[in-house]
Amino acid sequence: MKRSKIIRIIFQLLVLMSITLSVESQNENIEITKAEIIKNAWRAMFGKLKPDEIKSVYVESYFHGSKVPNKVTVKRPNFFRNEISGGGVLVFDGKQAAWARQTNDKDGNPRFPEMIDSASWRHFEIDIALIFPAFFEYPCELRGLKSFEEINAYELFVELPLGGNVSYFVDDKSFLVTRRLVSWSGDPKEELWENFITTYLDYKGILFPDGYSFEGREGIDKGLFKNVKFNVNPKDELFEIPKELKK
C-alpha cells in the first residue's frame, strides 16, 4: 500500500476519533439523561397529561403573509392533512402523499386528485415534526448541550423514517423547544433550514408555539399558529389516498 494512502487512512481515523470523543465528552458533562430530557419536555408542553393522552392536533397556520389560514390536522404518529386555502387538500397516510382534492386552476380548468412525487413524501414527515416534536415519536440521539445567543439547549437529533431529519434544541431550563435545524432530504451536503420558536401560548394547560420564525426572501419571516385544538378525533378516512390513485 502506498505511503500516501496509509497517511490518508490514518488521518481519516483520527478525524473520526476526534468527533466521537467530542460528542462523548459533551454528553459526559450533561447531568441528565436523554430519557429525562424527553420526559421533562413532555411535561413542559403537556403538563400532567400522559403521552398516550394526546392523539391529534389541529392548527390553523398563517404563513408568508396569508390572511386566510391553512387548516392542518395531525394524527399521531404520522397522519397529516392540510386543507390549503385556495388550493385544495393534501393528505399523507404515513407512507404516501397525494392531492385528495384540488381547486380549479387560474383559468378555471378543473384539477383532479393527483399523487405527489415520491421524492417529496419525506417532506410530509417534516411538516408533522414541525407541529409535533418527533422525539416524542421516534428514537433520537442526544448530541450534547449547545449554546446559542446566551441560551443553553440540549440537541436531540431525529432521523425520520422516510429520510429527512430534524435537530431540536430543548432549553435546559424551560425544557421547551426553542430552535430547530431541518434537513428535508437527509442529504448531509444540504444546507440545513433553521427556524426559531420564541413564544408559547397556553391552551387550557397545554403550551404550544404561537408559530415560528425563519429566514424569508425579504429577511426574517414568521408564521403563526392559531385556533389550536387537541384530540379532535379525526377519522382515518380524512388521511386516505383517493381510491382512484391507489395502485
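Residues numbered from 1 in each chain as written. Predicted model: local features only at pLDDT ≥ 70, side-chain atom pairs only at ≥ 80, totals over all residues. Heavy atoms only, no water.

## Quick notes on the pattern of salt bridges
Thought 1: The full count for this structure, using the stated rule, is 8 salt bridges.
Thought 2: With a shortest N-O distance of 3.4 Å, E141 and R143 are connected by a salt bridge.
Thought 3: The exposure class assigned to E141 is partly exposed, which follows from its relative accessible area of 34%.
Thought 4: R143 gets classed as partly exposed once you look at its relative accessible area, which sits at 29%.
Thought 5: Across the salt bridge formed by D210 and K222, the nearest N and O atoms sit 3.0 Å from each other. Remark: K222 occurs in strand β15 (residues 219-230) and D210 occurs in the loop between β13 (206-209) and β14 (211-216); sequence separation between them is 12 residues.
Thought 6: Judged by its relative accessible area of 13%, D210 falls in the buried class. (Salt bridge = Lys/Arg side-chain N within 4 Å of Asp/Glu carboxyl O. Buried < 20%, exposed > 50% of the residue type's maximum accessible area, 1.4 Å probe, protein only. Helix = DSSP H or I, 4+ residues; strand = E, 2+ residues; numbered from the N terminus.)

## Here we look at empty space enclosed by the protein
Thought 1: Tallying each qualifying case throughout the model produces 2 cavities of 30 Å³ or more.
Thought 2: In this structure, the largest cavity spans a volume of roughly 70 Å³.
Thought 3: Residue lining of the largest cavity: 13 residues in total, with I131, P133, R180, I197 and P209 positioned closest to the centre.
Thought 4: Only α3 (121-131), β10 (177-183) and β13 provide two or more residues apiece to the lining of the largest cavity.
Thought 5: Element by element, the count of residues in the lining of the largest cavity is highest for α3, at 3 residues.
Thought 6: Considering only residue class, the lining of the largest cavity consists of 12 nonpolar, no polar and 1 charged.
Thought 7: The calculated volume of the second largest cavity comes to roughly 50 Å³.
Thought 8: Every residue lining the second largest cavity is listed: P77, E125, I128, A129, F132, A134, E137, Y138 and L160.
Thought 9: Split into classes, the residues belonging to the lining of the second largest cavity amount to 7 nonpolar, no polar and 2 charged. (1 Å grid on protein atoms, 1.4 Å probe; cavity = no way out; pocket = protein on both sides within 12 Å on 5 of 7 lines; lining within 4 Å. Points joined across faces, edges and corners; volume = space filled by probe spheres on them. Nonpolar A, V, L, I, M, F, W, Y, C, P; charged D, E, K, R; others polar.)

## Remarks on the packing of aromatic side chains
Thought 1: A full pass over the atoms with the stated rule returns 24 aromatic pairs.
Thought 2: Centre to centre, the rings of W42 and F132 are 6.2 Å apart; their planes meet at 70 degrees, and the pair counts as edge-to-face. Of this pair, W42 sits in helix α2 (residues 34-46) while F132 sits in the loop between α3 and β7 (141-148); the two residues are 90 residues apart in sequence, bridging distant segments of the chain.
Thought 3: Relative to Y212, the ring of F63 has its centre 5.1 Å away and its plane inclined at 55 degrees; by these criteria the two rings are tilted. Taken together, the positions of F63 in the loop between β1 (56-62) and β2 (70-75) and Y212 in strand β14 put the pair 149 residues apart, joining distant regions of the chain.
Thought 4: What makes F63 buried here is its relative accessible area of 16%.
Thought 5: According to the relative accessible area criterion, Y212 is buried, its value standing at 8%.
Thought 6: Just above the ring of F169 sits the side chain of R179; from NZ or CZ to the centre is 4.6 Å.
Thought 7: Looking at K226, its charged tip hangs above the ring of Y62, at a distance of 5.1 Å from the centre. (Phe/Tyr/Trp six-rings, centres within 6.5 Å; stacked < 30°, edge-to-face > 60°. Lys NZ or Arg CZ within 6 Å of the ring centre and 35° of its normal.)

This is a description of form; function is not addressed.
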